[in-house]
Amino acid sequence: MSSTSQTKLLARRDFAAFFTTQLLGAFNDNLFKNALIIWISSTQASAFGMGPELMITLSTGVFILPFFLFSATAGQLADRYEKTPILRVARAPRSSSWRWRRWRSCRAIWRCCWRRCS
């Protein structure tokens, strides 16, 4: 059995898309989570009659929940089937959701700017 370094995977072209997707996905998740936590702690905690500390804990749990629920199933699928089609199927809803959120954000910014100019 030959030992190979995991860092050699970074140089392989077929893994570049996977690593890029993982990197951008983690960045997007953390950015969104932190923005939501700041928004919850500054404005929404009092609206629900809870302290900001409890709301931040609950929102963190909501973000972790999908990973907890679907990790075992994803591991079984990855062991049983070819990984490339599974990645494509799993990433399609995420990328379409990202596109929809980007479109909505751009539309909201456009409306805000349009009202100021009018």
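As the structure is a computational prediction, the values presented were derived from the model and not from experiment.

Overview of the overall build of the protein
- For the protein, the count of helices and strands is 3 helices and 0 strands.
- Along the protein, helices and strands appear, N-terminal first, in the series α-α-α.
- Relative to its length of 118 residues, the protein is extended, with a C-alpha radius of gyration of 20 Å against a globular reference of 13 Å.
- With the principal axes as the frame, the protein shows a C-alpha extent of 65 × 40 × 25 Å.
- Classification of the 118 residues of the protein by burial places 5% in the buried group.
- When the accessible surface of the protein is summed, it comes to about 10,300 Å², and 66% of that surface belongs to carbon and sulfur atoms.

A few points about helix H1 (residues 13-44)
- With 32 residues, H1 extends 45 Å from end C-alpha to end C-alpha; this agrees with the ideal 46 Å at 1.5 Å per step.
- All buried positions along H1 are accounted for by Gly25, Ile37 and Ile40.

Re the environment of Thr57
- As for its placement among the helices and strands, Thr57 is situated in helix H2 (residues 52-80).
- Separated by 20 residues in the primary sequence, Thr57 and Ile37 have C-alpha atoms spaced 9.2 Å apart.

A look at H2
- The end-to-end C-alpha separation of H2 is 43 Å, in line with the 42 Å expected for 29 residues at 1.5 Å each.
- Helix geometry: H2 is bent most strongly at Phe70, by close to 45°.

Concerning the confidence of the model for the protein
- When pLDDT is averaged along the protein, the result is 78, and 92% of the positions lie at 70 or above.
- Looking over the protein, one finds the lowest element-wise mean pLDDT in helix H3 (residues 83-117), namely 76, and the highest in H2, namely 82.

Focus: the environment of Thr7
- Along the chain, Thr7 falls in the segment before H1.
- A relative accessible area of 54% places Thr7 in the exposed class.

Observations regarding a nonpolar patch on the surface
- A contiguous nonpolar surface patch, about 560 Å² in accessible area, is contributed by Ile64, Leu65, Phe68, Leu69 and Phe70.
- You can see Phe70 is positioned in helix H2.
- The exposure class of Phe70 is exposed, given its relative accessible area of 54%.

Here's the deal with the packing of H1 against H2
- In contact at an axis separation of 9 Å, H1 and H2 are set at 155° when each is read in the N-to-C sense. Taken as axis vectors, H1 and H2 run roughly antiparallel relative to one another. Relative to H2, H1 is oriented so that their crossing is right-handed. Note on element contacts: H2 touches H1 through Pro52, Met55, Ile56, Ser59, Thr60, Phe63 and Phe67, opposite Asp29, Phe32, Lys33, Leu36, Ile37, Ile40 and Ser41.
- Residues of the contact of H1 with H2, tallied by class, amount to 9 nonpolar, 3 polar and 2 charged.

Here we look at the environment of Arg12
- Structurally, Arg12 can be placed in the segment before H1.
- Take Arg12: its relative accessible area is 40%, and that puts it in the partly exposed class.
- Taking the C-alpha atoms as reference, Arg12 lies 27 Å from Asn30; in sequence the two are 18 residues apart.

What counts and what doesn't
- Residues numbered from 1 in each chain as written.
- Predicted model: local features only at pLDDT ≥ 70, side-chain atom pairs only at ≥ 80, totals over all residues.
- Heavy atoms only, no water.
- Helix = DSSP H or I, 4+ residues; strand = E, 2+ residues; numbered from the N terminus.
- Rg over C-alpha atoms; globule rule 2.2 N^0.38 Å.
- Buried < 20%, exposed > 50% of the residue type's maximum accessible area, 1.4 Å probe, protein only.
- Areas by Shrake-Rupley, 256 points an atom, 1.4 Å probe, with all protein chains shown as cover.
- Expected span 1.5 Å × (residues − 1).
- Bend = angle between axes of the 7 residues up to and from the residue.
- pLDDT = per-residue confidence, 0-100.
- Patch = residues over 30% accessible without salt bridge, like charges linked within 9 Å, V, L, I, M, F, W, Y side chains within 5 Å.
- Salt bridge = Lys/Arg side-chain N within 4 Å of Asp/Glu carboxyl O.
- Axes fitted to C-alpha atoms, helices over the stretch in contact; angles between N-to-C directions.
- Parallel < 35°, antiparallel > 145°, perpendicular 65-115°, else oblique.
- Left-handed = near helix turned anticlockwise from the far one by under 90°.
- Contact = heavy atoms within 4.5 Å.
- Nonpolar A, V, L, I, M, F, W, Y, C, P; charged D, E, K, R; others polar.

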